[in-house]
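Observations on the model geometry
In case you want the letters, here they are:
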Amino acid sequence: MSYQIKRVTIIGSGVMGSGIAAHLANAGIPSYILDIVPKELTEDEKKAGLTLKSPQVRNRLALAGIEHIRKAKPALIYSQKDITYITPGNMEDNLDFIGQSDWVIEVVTERLDIKKKVFEQVDKYRKQGSITSSNTSGIKLKDMAEGRSKDFKEHFMITHFFNPVRYMKLLEFIVGDDTKQEMVSFMQEFAENVLGKGVVFGKDTPNFIANRVGTFSMLDTIKTMLEDGYAIDEVDAIVGKPMGRPGSAAFGTADLVGLDTFVHVTNNVYENTPNDEKRDVFKIPEFINKMTEKGLLGDKTGQGFYKKIKDEKGRKKLVLDYKTMEYKDSQKYKFDSLSMAKNAETPEEKIKVLASSDDRAAKFAWKVTRDTLLYSLNRIPEIADDIVNIDNAMKWGYNWSIGPFETWDAIGVADSVERMKKEGFSVPDSIKNVFEKGYGKFYLDIKGDKYFFDFKTGTYKPIVRRNNVISLESLKKKGMILKENGSARLIDIGDGVICVEFNSKMNAIDEDLIAMINNGLDMLEAKPDVAGMVLANEGETFSAGANIFLVLMAAQNKEWKALEASIKGLQNANMRMKYATKPIVAAPFNMALGGGCEVSMHAHKIRAYAELYMGLVEVGVGVIPAGGGTKELYLRSLGDGVVKPDPIKAAIHTFETIGMAKVSMSAKEAVELYGFLKPTDRITLNKENLIYDAKQTVLAMVKEGFKPSRPRTDIVVAGREAIATLRLGARNLKLGGYISEYDEFVADKLINVIGGGDVTPGTIVDEQRLLDLEKEAFLSLCGEQKTQDRIQYMLMNNKPLRN
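1. Brief notes about the overall build of the protein chain
When its secondary structure is counted, the protein chain shows 34 helices and 25 strands. Expected size for 803 residues packed as a compact globule is a radius of gyration near 28 Å; at 29 Å, the protein chain falls within 12% of this value. Taking the principal axes of its C-alpha atoms as reference, the protein chain extends roughly 80 × 70 × 65 Å. Counting contacts in the protein chain only where the partners sit at least 6 residues apart, residues at least 24 apart contribute 69% of the total. If you sum the accessible surface of the protein chain, you get close to 35500 Å²; carbon and sulfur atoms cover 51% of it. Each charge class in the protein chain was averaged separately, 111 positive and 110 negative side chains, and the resulting centres sit 1 Å apart.

2. Observations concerning unusual backbone geometry
A cis amide bond, omega 0 degrees, links K73 with the succeeding residue P74. In the segment running from I380 into P381, the intervening peptide bond is cis, with an omega of 5 degrees. Note on placement: P381 falls in the loop between α17 (360–378) and α18 (387–398). With a phi close to 60 degrees, D495 is a non-glycine residue in the positive phi region. Looking at the secondary structure, you find D495 in the loop between β16 (488–492) and β17 (497–502). Even without glycine at this site, A661 takes up a positive phi of about 50 degrees. Its location among the elements puts A661 in the loop between α28 (647–659) and α29 (667–674).

3. A word on the pattern of salt bridges
What the rule picks out here adds up to 58 salt bridges. Where K169 meets E688, a salt bridge forms, and the shortest distance between an N and an O atom there is 2.8 Å. Of this pair, K169 sits in the loop between β6 (156–161) and β7 (170–175) while E688 sits in the loop between β23 (682–684) and α30 (690–703); the two residues are 519 residues apart in sequence, bridging distant segments of the chain. Using a relative accessible area of 32% as the deciding quantity, one classes E688 as partly exposed.

4. Notes on helix α19 (residues 404–411)
For α19, the buried fraction is high: eight of the eight residues fall into the buried class. Buried within α19 are the following residues: P404, F405, E406, T407, W408, D409, A410 and I411. Just downstream of α19, G412 is the residue with a positive phi angle, here 95 degrees.

5. Structural notes on the pairing of strand β10 (residues 314–321)
It is a general feature of regular strands that their side chains alternate between the two faces of the sheet. With six bridges connecting them, strand β9 (residues 306–311) and β10 associate as antiparallel partners. Of the residues in β10, the one forming a bridge with K307 is L318. Once β9 ends, the chain turns through two residues before running back antiparallel as β10. As paired strands, β10 and strand β11 (residues 326–329) are joined by four bridges and run antiparallel to one another. Counterpart to L318 in the pairing with β11 is D329. In textbook terms, the turn of a hairpin is the stretch between consecutive antiparallel strands, and for β10 and β11 this stretch comprises four residues, one of which, M325, has a positive phi near 60 degrees.

6. Overview of the packing of α17 against α19
Orientation of α17 relative to α19, taken along the N-to-C sense of each, is 125 degrees, at an axis distance of 9 Å. On the basis of their axis angle, the class for α17 and α19 is oblique. At the point where α17 passes α19, the crossing takes the left-handed sense. Taken together, the residues of α19 that come into contact with α17 (itself represented by W366, T369, L373, L374, S376 and L377) are P404, F405, T407, W408 and I411. Partitioned by chemical class, the residues of the contact of α17 with α19 number eight nonpolar, three polar and no charged.

7. Some remarks on the environment of G729
Structurally, the position occupied by G729 is in helix α31 (residues 719–735). The exposure class assigned to G729 is partly exposed, which follows from its relative accessible area of 30%. Counting along the chain gives 15 residues from G729 to E744, while the straight-line C-alpha distance between them is 9.8 Å.

8. What to know about the packing of α28 against α31
Running from N to C, α28 and α31 cross one another at 35 degrees; their axes reach a closest spacing of 10 Å. Of the two possible hands of crossing, α28 and α31 adopt the one that is right-handed. Residues I648, A651, I652 and F655 of α28 lie in contact with α31, whose contacting residues are E721, A722, L726 and A730. Classifying every residue of the contact of α28 with α31 gives seven nonpolar, no polar and one charged.

About the cut-offs
Residues numbered from 1 in each chain as written. Predicted model: local features only at pLDDT ≥ 70, side-chain atom pairs only at ≥ 80, totals over all residues. Heavy atoms only, no water. Helix = DSSP H or I, 4+ residues; strand = E, 2+ residues; numbered from the N terminus. Rg over C-alpha atoms; globule rule 2.2 N^0.38 Å. Contact = heavy atoms within 4.5 Å. Areas by Shrake-Rupley, 256 points an atom, 1.4 Å probe, with all protein chains shown as cover. Lys, Arg positive; Asp, Glu negative; His and termini not counted. Charge placed at Lys NZ, Arg CZ, Asp CG, Glu CD. Salt bridge = Lys/Arg side-chain N within 4 Å of Asp/Glu carboxyl O. Buried < 20%, exposed > 50% of the residue type's maximum accessible area, 1.4 Å probe, protein only. Pairing = 2+ DSSP bridges. Axes fitted to C-alpha atoms, helices over the stretch in contact; angles between N-to-C directions. Parallel < 35°, antiparallel > 145°, perpendicular 65-115°, else oblique. Left-handed = near helix turned anticlockwise from the far one by under 90°. Nonpolar A, V, L, I, M, F, W, Y, C, P; charged D, E, K, R; others polar.

As structure tokens, this is what we get:
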């Protein structure tokens, strides 16, 4: 049979239930959220004259879940407008919602008896062929499905989301013997392409993959800390970014998750894995039991392994001393190995540095790495059939930069195994096959195609890439680079489409990158077989903006002609893109700030990743957008010409957006609130699909008969009227203490550009006029010492200086 998901019912409106509903709304999928009916009125409900029959009371828990979505920070939903996709209900009045749904997700408390009662009701009301899943974090699928109908069992699986659902990529699938493979294949495609998730397949074992390995890693970290006498904050200094893990490291992450949740997940392993060779590691240490007794559960209670307070000097971070159970000032730890790891460029290089060093930090890093590698190897095939599912689970569910087996390759399998044996550790016999039947590595890369060692067959198997994924890394290894320099590459991505790949540090916009954009534009114009161009990369961020270090050097050395030529070069490249004769699509993701935002806005269309933090933030370093960003945002604020333009309103919106350095918190916000994206631009939820989707957008534009527009010569500016109004607003902000005197000075320069200069209201200008005003303002600000101080402060501290 064919499957579709047009409507979903979620049973359980707590943190996970509401998070799933929010993310379905992000994907444009309507959902019902159901919970139990309250038995008593609250005091507020009594005062409001409500009764137990009132819908507001009967749907109280579901409504509370929706309110949680509305107020959550960081936001669970891309746009507040999308909350209307979610309909509240309850498990007595609205069971018919189940029959209207294509997918029913159970997200109730982790008790088998309660879940079985829920599934009994679902089985009664669901339609034949509809999908049912549980979000359980550890209860066996076969136990939950016991007593259910044949059709239910055939369409039942575990879909274990990670919290917060919007931000965590991992989705663990657990299927039963009765589960239809056709349905599983559909769900995988839906999860990856519609919800933007990364799917791994686990076994029906306690805590599945990520939480089994992740909780072991955490408990082993605690065990090693206690045995070797390390402090909590000392451990976090080691096992965070230096090891390619999140900055919150071990204990900071535990505070985010909540100690009660961590203990529950850990106890589930301890109680249900009697044959686990490391079962004793999962026994909760006594000091953590004391923490839970005292309510030191982490961020949710305001104190856990860490506690934040305010004193006369401002905010202060305290750390728990597990020996005294008292809080003390946290420290900064310095070790040579950590400094070397910090300077290493890749996660593989970082962990290799730590594993090969011998100071106190390196010794700790080696021990916990060694233990996690051995534990992960011993879990195949218990929790997963292969190393790829385990590595992906840890990357997508715990935000590790590289998984356990990728880590093993990075430090060297042969050398590390020999070291383990010398230290008296038993290495599983299965590792011998990697040497005897393989090449001494878990992964191979052959001409851009990646293979993994499969323990079941003793051979290397290809890691199959989905058809709607383009890997620039793979294409480069296949010889598809057309041109390259120090900051960018031009790559043939097939079907006549070329891609400018950003490759500078933080993918900053510099002269080499601009030159490569121009090379791409030259190719578009000169070669009939080139259909269009994509701007993209596979880094951690699309672009953090212009290379402000080079700007600072030029300003300090008073190289004004060179700086002017650089600004003019960016403006010209952006204008060439905007009016190119063939379609150009930008594919921004994560951060697209300053120059990265400007470049994107000059493409014909944008295909954005849903997690898009986009903005024109130049005022933070004392300058204004000068690559055409100020001009472009003003044009978008004026509208498309269908409605008579209002230059005053457009000027105010442009000033507020740039002057306050506003940044979108999603691609939808970039459309709805700021105008960085147009309503005709498109959004992709799975970052792996982004470059493919951008390429398809180019091809669709070609098929539709793309025609370039012509440079604007009809721009209405507000002139002196807007300038006076906006200057008054800036003055009031200064008098109110919201901005500094120099902020007001920078704002004055920005206002002059937005208003079109010293002209009468309603004056008609062309784009070049606004570009020239941008350039003039930028250069004059670069000559100010306070701007140079701000740039230097930003480079040293990674945050703006207010002076």
